[in-house]
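As a plain string of letters, each chain reads:
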Amino acid sequence: MFGLANPDRFLRFTRPLTPVLWAVAAVLLVVGTWFSFTAPEDYQQGDTVRIMFVHVPAASVGLMIYGALGVSSFFALVFRHPLADAAARAAALPGAAFTALALATGSLWGKPMWGAWWAWGDARLMSVLILFLFYIGYMALRASIDDEAKATRAAAVLGLVGLINLPIVKFSVDWWNTLHQPASLLRAEGPAMPAVYLTPLLIMMAAWGALFLAIWLTAIRTEIVRRRVVSIRARKALEA
């Protein structure tokens, strides 16, 4: 694994892997969407239950992405490895997009189920909103600092601070009284939903996960190439 920290080796390893991930994500999205729309209506939620097949995967992957950003930030800050910084930077935009999708679909579900688009007192909603703001803050901080080295350090520190919010998002429904239901997938006694809903949900979670990995690897490869182009241009400018 640590051998892949070499940018050249990373590029060689991910060259054939990236298109495979794109293909896997596409197939899983098609299959998962078909299962989602053929699942029966819920006796309480009706057709609104289908929002779950987008909302839950988007929220889960958004959380996972920030974990990847935080770990990459650690290696970028401690070991000052450019590939780790490229990985953290490449995770920010898709992470923000997935988290925004989770917030939007949660709002669409909340209106018919809770009677409100948003509940400021709900710990899960607020912690996910804070997660989204950490993504936005990370990208804004990088964009506001011209010096690449300073931007890397400042963004890495912010990325590490944001890790504190991840267990809050995860366990907010257990620590506080919230409108959100308790965990229904990762439970000691097993999932709390029938297979007719569990199957499309798991397929969609795998699809969104594969989609993120495809986007992430593509973005990291692009960032490596961008930095090499910037380095070549700077060297030529000095020589001129």
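The coordinates are above.
These figures come from a predicted structure and were not determined experimentally.

Caption draft 1: How the structure looks around the overall build of the chain. For the chain, the helix and strand inventory stands at seven helices and zero strands. Its helices and strands in sequence order give the chain the pattern α-α-α-α-α-α-α, from N to C terminus. With respect to the principal axes defined by its C-alpha atoms, the chain has extents near 70 × 40 × 30 Å. With 240 residues in all, the chain has 40% of them scored as buried. Partitioning the intrachain contacts of the chain with sequence separation of at least 6 by distance along the chain shows that 75% fall at a separation of at least 24. Carbon and sulfur atoms make up 70% of the accessible area of the chain, which totals about 13100 Å².

Caption draft 2: Geometry of the pattern of salt bridges. Counting across every chain of the model gives nine salt bridges. Glutamate 148 is the partner of arginine 89 in a salt bridge, and the nearest nitrogen-oxygen pair spans 3.6 Å. In this pair, arginine 89 sits in helix H3 (residues 82-114) while glutamate 148 sits in helix H5 (residues 148-162), placing the two residues 59 residues apart along the sequence. A relative accessible area of 32% means that arginine 89 is categorised as partly exposed. On the accessibility criterion, glutamate 148 (38% relative accessible area) is partly exposed. Notably, a salt bridge pairs glutamate 223 with arginine 89, separated by 3.5 Å at the nearest N-O pair.

Caption draft 3: Layout of unusual backbone geometry. Of note in the backbone geometry, arginine 80 takes a positive phi value of approximately 55° without being a glycine. If you trace the backbone, arginine 80 turns up in the loop between helix H2 (52-78) and H3.

Caption draft 4: Seen up close, the packing of aromatic side chains. Applying the stated criterion to the full structure yields eight aromatic pairs. With 5.5 Å between their ring centres and 80° between their planes, phenylalanine 74 and phenylalanine 75 make a pair best called edge-to-face. Ring geometry for phenylalanine 74 and phenylalanine 79: centres 6.4 Å apart, planes at 80°, overall edge-to-face. What links up through ring pairs into an aromatic cluster is the set Tyr66, Phe134 and Tyr135.

Caption draft 5: A look at the packing of H2 against helix H7 (residues 195-239). Packing of H2 against H7 leaves a shortest axis separation of 9 Å and a crossing angle of 40°. The handedness of the crossing between H2 and H7 is right-handed. Listed contacts from H7 to Met52, Phe53, Val54, Val56, Pro57, Ser60, Val61, Met64, Ile65, Ala68 and Ser72 of H2 are Tyr197, Pro200, Leu201, Met204, Met205, Trp208, Gly209, Phe212 and Trp216. Here the contact of H2 with H7 is built from residues that sort into 17 nonpolar, three polar and no charged.

Caption draft 6: Looking closely at the environment of alanine 59. As for its position among the elements, alanine 59 is in helix H2. The class of alanine 59 is partly exposed, set by a relative accessible area of 28%.

Caption draft 7: Focus on helix H4 (residues 123-144). With 22 residues, H4 should reach 32 Å at 1.5 Å per residue; the first-to-last C-alpha distance of 31 Å fits that figure. Listed as buried for H4 are Ala123, Arg124, Leu125, Ser127, Val128, Leu131, Phe134, Tyr135, Tyr138 and Arg142. At its buried positions, H4 is contacted by H2, H3, H5, helix H6 (165-175) and H7. You can read the cap of H4 off the contacts: a side-chain oxygen lies 3.1 Å from the backbone nitrogen of arginine 124, and it is on aspartate 122.

Caption draft 8: Region of the structure containing the packing of helix H1 (residues 7-38) against H7. With their axes 7 Å apart at the nearest point, H1 and H7 run at an angle of 150° to one another. As judged from the angle between their axes, H1 and H7 are roughly antiparallel. The way H1 lies across H7 gives a crossing that is left-handed.

Caption draft 9: View of the environment of leucine 77. Inspection of the secondary structure puts leucine 77 in helix H2. The class of leucine 77 is partly exposed, set by a relative accessible area of 28%. Taking the C-alpha atoms as reference points, leucine 77 and asparagine 177, 100 residues apart in sequence, are found 37 Å from one another.

Caption draft 10: Focus on the nonpolar core. Leu69, Trp216 and Ile220 are the most contacted members of the largest nonpolar core, which totals 41 residues. Going through the elements one at a time, H1, H2, H3, H4 and H7 are the ones with two or more residues in this core. Ranked by residue count, the leading element in this core is H7, at 13 residues. Among residues more than four places away in sequence, those in contact with tryptophan 216 are Ala68, Ser72, Ala87, Ala90 and Ala91.

About the criteria used
- Residues numbered from 1 in each chain as written.
- Predicted model: local features only at pLDDT ≥ 70, side-chain atom pairs only at ≥ 80, totals over all residues.
- Heavy atoms only, no water.
- Helix = DSSP H or I, 4+ residues; strand = E, 2+ residues; numbered from the N terminus.
- Buried < 20%, exposed > 50% of the residue type's maximum accessible area, 1.4 Å probe, protein only.
- Contact = heavy atoms within 4.5 Å.
- Areas by Shrake-Rupley, 256 points an atom, 1.4 Å probe, with all protein chains shown as cover.
- Salt bridge = Lys/Arg side-chain N within 4 Å of Asp/Glu carboxyl O.
- Phe/Tyr/Trp six-rings, centres within 6.5 Å; stacked < 30°, edge-to-face > 60°.
- Axes fitted to C-alpha atoms, helices over the stretch in contact; angles between N-to-C directions.
- Left-handed = near helix turned anticlockwise from the far one by under 90°.
- Nonpolar A, V, L, I, M, F, W, Y, C, P; charged D, E, K, R; others polar.
- Expected span 1.5 Å × (residues − 1).
- Polar contact = N/O pair within 3.5 Å; in protein donor to acceptor, adjacent residues only side chain to side chain.
- Parallel < 35°, antiparallel > 145°, perpendicular 65-115°, else oblique.
- Core = buried A, V, L, I, M, F, W, Y, C linked by side-chain atoms within 4.5 Å.

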